[in-house]
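Tertiary structure, described
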Amino acid sequence: MLVLDSGGLSRLAKRDRQTAALLLALRRRGLWPAVVPTVVLAESLTGSPQRDANVNRLLKACDMRPAVSERMARRAAELRTKSRRGSAVDALVVAIAEPGSTVLSSDGEDLGALAANAADVFIEIV
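Residues numbered from 1 in each chain as written. Predicted model: local features only at pLDDT ≥ 70, side-chain atom pairs only at ≥ 80, totals over all residues. Heavy atoms only, no water.

Of the regular secondary structure elements, the protein holds seven helices and five strands. Secondary structure elements of the protein, listed N to C terminal, follow the sequence β-α-α-β-α-α-β-α-α-β-α-β. For the protein, the C-alpha radius of gyration of 14 Å lies close to 14 Å, the compact-globule estimate for 126 residues. Along the three orthogonal principal directions, the C-alpha set of the protein runs to about 40 × 30 × 25 Å. Sequence-distant contacts, at least 24 apart, represent 61% of the contacts inside the protein between residues at least 6 apart. Here the protein has roughly 6,900 Å² of accessible surface; of this, 49% comes from carbon and sulfur atoms. Across the protein, the mean location of the 18 positive side-chain charges is 6 Å away from that of the 14 negative side-chain charges. (Helix = DSSP H or I, 4+ residues; strand = E, 2+ residues; numbered from the N terminus. Rg over C-alpha atoms; globule rule 2.2 N^0.38 Å. Contact = heavy atoms within 4.5 Å. Areas by Shrake-Rupley, 256 points an atom, 1.4 Å probe, with all protein chains shown as cover. Lys, Arg positive; Asp, Glu negative; His and termini not counted. Charge placed at Lys NZ, Arg CZ, Asp CG, Glu CD.)

Now for helix α6 (residues 88–97). Across the ten residues of α6, nine count as buried, placing the element largely inside the fold. Within α6, burial applies to V89, D90, A91, L92, V93, V94, A95, I96 and A97. (Buried < 20%, exposed > 50% of the residue type's maximum accessible area, 1.4 Å probe, protein only.)

In terms of nonpolar packing, the biggest core is built from 36 residues, with L2, L4, L9, L12 and W32 touching the most fellow members. Excluding residues within four positions of it along the chain, L12 makes contact with L4, T19, L22, L23, L26, W32, L58 and L104. (Core = buried A, V, L, I, M, F, W, Y, C linked by side-chain atoms within 4.5 Å.)

The first and last C-alpha atoms of helix α5 (residues 70–83) sit 20 Å apart over 14 residues, in line with the 20 Å expected at 1.5 Å per residue. By the burial criterion, the buried members of α5 are M72, R75, A76, L79 and S83. For α5, the angular spread of buried residues about the axis comes to 100°, placing them on one side. Across from the buried face of α5, at angles greater than 90 degrees, the exposed residues are E70, R74 and T81. Once α5 finishes, R84 follows within two positions and takes phi at roughly 55°, a positive value. (Expected span 1.5 Å × (residues − 1). Arc of directions from axis to C-beta.)

Looking now at the environment of D63. The residue D63 is located in strand β3 (residues 63–65) in this model. Its relative accessible area of 39% is what places D63 among the partly exposed residues. Taking the C-alpha atoms as reference points, D63 and P33, 30 residues apart in sequence, are found 6.4 Å from one another.

Once that is clear, we can look at the pairing of strand β4 (residues 102–105). Covered by surrounding structure in β4 are T102 and L104 together with V103 and S105, the residues of both alternating faces. In terms of strand pairing, strand β1 (residues 2–4) meets β4 through three bridges, oriented parallel. For L4, the partnering residue across the bridge sits in β4 and is L104. With helix α7 (residues 108–115) bridging β4 and its parallel neighbour strand β5 (residues 122–125), the resulting β-α-β unit is right-handed. (Pairing = 2+ DSSP bridges. Right-handed = clockwise from strand over helix to strand, strands pointing away.)

If you want it as C-alpha cells, here you go:
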C-alpha cells in the first residue's frame, strides 16, 4: 500500500511529464491507487477551488481514509512521543501505513524518525 502525506500529495498533483512517469511507475508496481488519510487534506488544501484544482483532480484517483480510530490516534501519539518529531498529521500517516507500507513524502526527516519507531514503514522521498 502507498500512503500519501501532504508533500507526496502535492508532488503527485503536479501536471508535468516527470509526475506522469512517476504515476505510471507506481501503477506498474501495484502501488496505485494511493491511500490519503483525510487529515492530510487539512495540510494540503487551501479552500480555493482554483488553487486546489490539481490536488482535487488527483484525489479523485485515490482511496480516501475518512476516519481515524481511537486505536490509530493512540498509535500515532505513541510514535510521535517515541520519535520526538513530526506533527500529529505526520504521525497519523505513519500509523496508517503500518505494517509494511510506503509513505510518499517530501519530509524525510520527520517521517523517517516516525517510521524508525513503526512496524515496517518505508519512506519514499519525492
